[in-house]
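# Descriptive analysis of the structure
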Amino acid sequence: MALLQTQGLVAHYGDFQALFGVDIALNEAETVAIIGANGAGKTTLMRSIAGVLRNAAQAVTYDGTPIGAHPADEIMAQGVAMVPEGRKLFPSLSVEENLLIGTYGRKVEGHWNLNTVYDLFPILGERRHNPGTALSGGQQQMVAIGRALMSNPRVLLCDEISLGLAPVVIKDIYKAIPQIKAAGASMIVVEQDIAQAMAVADRVYCMMEGRVTLSGTPDTLSRDDIHNAYFGASH
Amino acid sequence: MIWVDTLLQGILLGGLYALFASGLSLVFGIMRLVNLAHGDLIVMAAYLILVLVTLLGLSPFVAVLTAMPVMFGIGWGLQKFLLNRTLEDDILPPLLVTFGLSIALQNALLEGFSADSQRLPTNALTTASVDVGPIALGVMPLLTFASAVLVIVGLNQLFYRTELGRAFRATSDDATTASLMGIKPANIFATATGIALVIVTIAALYLGLRANFDPNIGPARLIYAFEAVIIGGLGSLWGTLLGGIIIGVAQTVGAAINPEWQILAGHVAFLIVLLVRPRGLFPRAND
Amino acid sequence: MSYTVTTQTSASRVAAIAGAIGIVVLIALPFFAGRGTIQDMFFILTMLVLAQFWNLLAGYGGLVSIGQQAFVGMGAYAMFGVVILMGFDPVPSILLGGVAALIVAVPTAFFAFRLNGAYFAIGTWVIAEVVRLLVAQWKTLGGGTGTSLPRDATRDMWFVELIQDMLGVRSAAARDILAYWLALILALATIGGIYWLLRTRRGLALAAVRDNTEAAKSVGVDAGRMKWIVFLTSAFGTGLAGALIYMQKARISPDAAFSVTDWTAYVIFIVVIGGIGTIEGPILGVLVFFALQSLLADFGSWYLMTLGVLAIVIMLVAPRGLWGLVSERTGLHLFPIRRTLSGGKLTSSED
């Protein structure tokens, strides 16, 4: 049985329907990439899993329990952490405080703590007392990843972690992913950058207009398959 | 010399207003909520202390310690079950609900305690004064001011040195992202209002020890508190203390010129600051 | 094919006929009703005027004022001032009361518009307090204890003798009837004026500003100007009502004329209970308010406590008030503002 899965997940923003019955699964120790163009529903899917958007209870199952109707804070407490799109650092908090907020109200045990996060991203240790928002975009992204890791999640949801960053910076950030996997987290990575996604993923889902249009392992999917699933067959 | 005396009395009076204002400032800083029942909650706390003093024969200073957890619970419940439901983008619900609460609370107190004015029992200590050179300063006003400074130092420690303070600031920045970090914004808000009402209880102690109170004086306390918060700059606690001092000094100076001008002078000082510095003396950068 | 854009509904046509009959009855009321009824109706009508203007401010303009008592008190005191100091007749002096409130509203808006949302609310309250404290310094009008209208001014008031002769009543009753008719005129003019305002282009702009200031700006609505228009209009109307209320009372004091409970809290409760952001809401609200007051007035503070709790409950469970519930269930709009397009079927291409 999958560690985390969605079944017939739907989502609405007012009258606008953003997801039409999405089924995806994430197995233990696996990294799954979700690719798709802008507006395909990737971020909505992440927000639904993380509990920012509420669903029917059975729409999301984690570790055998339905969590679709749980609020975000409870889902986080059960071990599903998110690196939100746009990084969303807290401007009133320093780098270190941003990291510490990831452990709010709980004793967490596991590989990740301030020291190991600073080992992963040494620049954050140097700038630990700066306001989080005073950092460059890439460094802010590192803080956002570190903040999610601090809770030692079993599932890490990464939403568009390369968005708006220079290629060299993206490379730096993606270098951390094998270490995160090695420390035991299963991951869902949302990406618009197909090459980057293929490089880290065990399996790939492609989304278009609120539906999953393709899934498979990176080596079995052809360039054309992905192109069609990404942009629609008519292009 | 009389002017130095007036000035000092005014500064000390500012401590009382800062105590009125700190809770308002805290709640506004965290959830952008203005509680129009704030003044009536101060008066309610004063009656609670009075009841504890009369029924249990406690000293007011002991009674206030007993009242604090009660008021914390009331604030927590008020926020969790009533005010959290008004925190949307629309400004009408929080205003109208807290205004309704203000009127309901005032009249509940009238029903329970009548319109007669009350006072907490004073003793030799509370009526004593100390001589500083040629000027005599009351022990009560000094205690009030010291308490205001302590409350503000304490709140700053809480905000910048504790895990709860981090959660306060994070939730204030972005409640949705905070919930992704395992924080329950509804509980953070409830805790903040609980703490605000603990400060309200301290303010109520000095309100009741220094002067008479009755169920109708809440709105005026709300107005002084509000003026202090605006003068200081929204969300700045030290600014709030300075705002309280400005109102206090304006009132004592006004009263020294003509006793009927006391309250008016405070309001005029507020309007002048609003005219020259609409965002207050220490505005927060991201508001 | 021709199209007409209309805001009429069939319910509103029925309402217009019923309304016309109602107005005739209200005009004729003093011919068959007793003095107590006239006084009650005066109270209802003046509260309705205050409620309509507060609703214009808060419900349509998004400006929650807790300082309307400044304009009630200012209107009333200006009227007393010109009657006592300059020997004017009270009836035309009501207009001067409105003007005085308008004048006070200019600096009030100047200060209060520097504050947003909730702080605007308390800001207006502070300014009302300042006006009250200043007026209490006005020794020739009785200072803090207040004063009465001179006996000869009330006795020789315009129209009073005429009403005495026409209806065969005493001078005091004639003054109440005069006040009632003036209140009726004011209420009808207020409702008609606000309805007219909301149906003009300016009124549409107002709805746009309330719904979203930024978006309204982007389509060229000057939000700042609309706020001024709404605020000053409300102040003028509230001042007229204040002067009229105190013409009927004939006795004034700063604490009464600037009472936040009487002139703002009650008014807010009327609008919230009836339904904020509609013209019908305050009408329904004032009737509920009067009924509650008649039932519960003997219970003193319990009455206000009930009103406060009722306002909280309504705000939480039915934020559009009682009228909102009615029109949701029935689709009824007595003062329709929404425009409906009628005529032929809409097709994408027309020959």
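Residues numbered from 1 in each chain as written. Chains lettered and ligands numbered in written order. Predicted model: local features only at pLDDT ≥ 70, side-chain atom pairs only at ≥ 80, totals over all residues.

## Quick look at the overall build of chain A
Within chain A, the secondary structure is distributed over 10 helices and 10 strands. Against the globule reference of 18 Å for 235 residues, chain A gives a C-alpha radius of gyration of 17 Å, in line with a compact fold. With respect to the three principal axes, the spread of C-alpha positions in chain A is 50 × 40 × 35 Å. The 235 residues of chain A split such that 46% are buried. Considering only contacts within chain A whose residues lie at least 6 apart along the sequence, 65% involve residues at least 24 apart. (Helix = DSSP H or I, 4+ residues; strand = E, 2+ residues; numbered from the N terminus. Rg over C-alpha atoms; globule rule 2.2 N^0.38 Å. Buried ≥ 20, exposed ≤ 12 C-beta atoms within 10 Å, placed from the backbone. Contact = placed C-beta atoms within 7 Å.)

## A few points about the nonpolar core
Grouped together as the largest cluster of nonpolar side chains are 276 residues, with contacts concentrated most on Leu 157 of chain A, Ala 45 and Ile 49 of chain B together with Leu 244 of chain C. Of the residues forming this core, the biggest block, 17 residues, is contributed by helix H9 (residues 185–210) of chain B. Discounting residues that sit within four places of it in the chain, Leu 157 of chain A has contacts with Met 46, Ile 49, Ala 50, Val 80, Met 82, Val 83 and Ile 188 of chain A. (Core = buried A, V, L, I, M, F, W, Y, C linked by C-beta atoms within 7 Å.)

## Considering helix H6 (residues 139–161) of chain B
For an α-helix, the turn length of 3.6 residues means that residues three or four places apart are oriented alike. Residue and element names in this part refer to chain B. Helix length check: H6, at 23 residues, gives a terminal C-alpha distance of 31 Å against a target of 33 Å (1.5 Å per residue), a fit within 8%. Within H6, burial applies to Met 140, Pro 141, Thr 144, Phe 145, Ala 148, Val 151, Ile 152 and Leu 155. The inward-facing, buried residues of H6 contact helix H1 (2–31), helix H5 (124–127), strand E2 (135–138), H9 and helix H11 (237–257). (Expected span 1.5 Å × (residues − 1).)

## Description of the environment of Leu 124 of chain A
All names here are of chain A. Mapped onto the fold, Leu 124 is located in helix H5 (residues 122–126). Since 24 C-beta atoms lie within 10 Å of it, Leu 124 is described here as buried. With 22 residues separating them along the chain, Leu 124 and Gly 146 place their C-alpha atoms 9.2 Å apart. With residues up to four places along the chain from it excluded, the contact list for Leu 124 reads Val 95, Val 117, Tyr 118, Gln 139, Met 142, Val 143 and Gly 146.

## Side note on the interface of chain C and chain B
Each partner contributes to the interface: chain C provides 32 residues, whereas chain B provides 30 residues. Every element with two or more residues in the side of chain C that touches chain B is listed here: helix H5 (117–135), helix H13 (260–274) and helix H15 (301–317) of chain C. In terms of residue count, the dominant contributor to the side of chain C that touches chain B is H15 of chain C (11 residues). Tallied by class, the residues present in the side of chain C that touches chain B amount to 26 nonpolar, four polar and two charged. (Nonpolar A, V, L, I, M, F, W, Y, C, P; charged D, E, K, R; others polar.)

## Points about the interface of chain B and chain A
Across the contact, 17 residues belong to chain B and 23 residues belong to chain A. Put simply, the parts of the chain that give the side of chain B that touches chain A at least two residues each are helix H7 (163–173) and helix H8 (175–180) of chain B. Of the residues contributing to the side of chain B that touches chain A, the split by class is five nonpolar, six polar and six charged.

## Considerations on the sheet that holds strand E7 (residues 155–159) of chain A
Backbone hydrogen bonds are what pair the strands of a sheet, in a parallel or an antiparallel way. Residues and elements named next belong to chain A. An order of E6-E7-E8-E3-E9-E10 is seen for the six strands of this open sheet, with the pairing classed as mixed. Edge strands, defined here as strands with exactly one partner in the open sheet, are strand E6 (80–83) and strand E10 (211–216). Here the average twist between neighbouring strands, direction ignored, is 20°. With four bridges connecting them, E6 and E7 associate as parallel partners. Across the sheet, the residue bridging to Val 80 is Val 155, located in E7. (Pairing = 2+ DSSP bridges. Axes fitted to C-alpha atoms, helices over the stretch in contact; angles between N-to-C directions.)

## Some words on the arrangement of the chains
The assembly contains two pairs of chains in contact; the pair sharing the most contacts is chains B and C. Between chain A and chain C there is no contact; the minimum C-alpha to C-alpha separation amounts to 17 Å.

## Observations concerning the environment of Ile 84 of chain C
Residue and element names in this part refer to chain C. By the secondary structure assignment, Ile 84 is in helix H3 (residues 69–86). Judged by local crowding, Ile 84 falls into the partly exposed class, with 17 C-beta atoms found within 10 Å. Considered as a pair, Ile 84 and Thr 147 are 63 residues apart in the sequence and their alpha carbons are 9.7 Å apart. Ignoring anything within four residues of it in the chain, the contact list for Ile 84 reads Leu 141 and Pro 150.

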